[in-house]
Amino acid sequence: MPKNYVKPSMQEVFQIIDAAVKTDPEVTKGKEGVYQFNIKDEDEGTYQLIIDENGPRAVEGAEQDPQVTLTLKADNFRDLVAGNLNPTAAFMGGKLKIKGNMGLALKLQTVLNSFEF
């Protein structure tokens, strides 16, 4: 990491995700649902990735009832999105907690891996 690297805030990360899924909605095809991210620690908050008939979008807060909820620390989420943290390893190691539709959670990895972060 460069010396002057500044970690993006969770709001900035989700703005990047929102822009990415709107620019290339094909990456979300077949992954319809409401994914909720409960971010813990210094950059705490609730965010959702919603993929429905209105198109994909990332929002702050809980806009809809989630089908799958992922709970993790902000740094772990940044690493997950950047491809530096394997979701399965994070789950098995207790860094990522998943509640709800596990099948939907598994589909999320291909969406997250499509971003340039």
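As the structure is a prediction and not an experimental result, all values here were calculated from the model.

## Some details on the pattern of salt bridges
Line of reasoning, step 1. By the definition in use, this model includes 7 salt bridges.
Line of reasoning, step 2. For the salt bridge of D75 with K7, the shortest nitrogen-to-oxygen distance reads 3.1 Å. In this pair, D75 is assigned in helix α2 (residues 74-82) and K7 in the segment before α1 (10-23), connecting sequence segments 68 residues apart.
Line of reasoning, step 3. Since its relative accessible area comes to 32%, D75 is described here as partly exposed.

## Quick look at the environment of V111
Line of reasoning, step 1. On the secondary structure map, V111 appears in helix α4 (residues 102-112).
Line of reasoning, step 2. Given the relative accessible area of 0%, V111 is considered buried.
Line of reasoning, step 3. Remark: the alpha-carbon pair of V111 and T69, spanning 42 residues in sequence, is separated by 16 Å.
Line of reasoning, step 4. Setting aside residues up to four positions removed in sequence, V111 forms contacts with V21, V27, T28, K31 and L49.

## Structural notes on the environment of Q64
Line of reasoning, step 1. Relative to the helices and strands, Q64 is located in the loop between β3 (55-60) and β4 (68-73).
Line of reasoning, step 2. Residue classification places Q64 among the partly exposed residues on the basis of a relative accessible area of 29%.
Line of reasoning, step 3. Along the primary structure Q64 and R78 are separated by 14 residues, whereas in three dimensions their C-alpha atoms are 23 Å apart.
Line of reasoning, step 4. Those residues in contact with Q64 that lie beyond four places of it in its chain are V34, Q36, Q48, I50, D52 and R57.

## Considering the packing of α1 against α2
Line of reasoning, step 1. At a closest axis distance of 11 Å, the pairing of α1 and α2 adopts a crossing angle of 25°. The angle between α1 and α2 falls in the class roughly parallel. Between α1 and α2 the crossing geometry is left-handed. Across the interface between the two elements, M10, V13, F14 and I17 of α1 pack against A74, F77, R78 and V81 of α2.
Line of reasoning, step 2. The residue inventory of the contact of α1 with α2, partitioned by class, reads 7 nonpolar, no polar and 1 charged.

## Notes on the sheet that holds strand β2 (residues 45-52)
Strands belonging to one sheet form pairs held by backbone hydrogen bonds; the direction of such a pair is parallel or antiparallel.
Line of reasoning, step 1. Spatial ordering of the open sheet is given by β3-β2-β1-β4-β5, a layout of 5 strands whose pairing is mixed. Of all the strands in the sheet, the pair left with one neighbour each is β3 and β5 (96-100). Put simply, the sheet's adjacent strands are angled 15° from each other on average, direction ignored.
Line of reasoning, step 2. Pairing of strand β1 (residues 33-40) with β4, which is carried by 6 bridges, proceeds in the parallel orientation. Counted as the bridge partner of F37 is L70 from β4.
Line of reasoning, step 3. Most of the contacts of α1 go to β3, to which it runs at about 170°, and overall it touches β1, β2 and β3.
Line of reasoning, step 4. Contacts from α2 reach β1 and β4, with the element oriented near 110° to β4.

Reading the values: the criteria
- Residues numbered from 1 in each chain as written.
- Predicted model: local features only at pLDDT ≥ 70, side-chain atom pairs only at ≥ 80, totals over all residues.
- Heavy atoms only, no water.
- Salt bridge = Lys/Arg side-chain N within 4 Å of Asp/Glu carboxyl O.
- Helix = DSSP H or I, 4+ residues; strand = E, 2+ residues; numbered from the N terminus.
- Buried < 20%, exposed > 50% of the residue type's maximum accessible area, 1.4 Å probe, protein only.
- Contact = heavy atoms within 4.5 Å.
- Axes fitted to C-alpha atoms, helices over the stretch in contact; angles between N-to-C directions.
- Parallel < 35°, antiparallel > 145°, perpendicular 65-115°, else oblique.
- Left-handed = near helix turned anticlockwise from the far one by under 90°.
- Nonpolar A, V, L, I, M, F, W, Y, C, P; charged D, E, K, R; others polar.
- Pairing = 2+ DSSP bridges.

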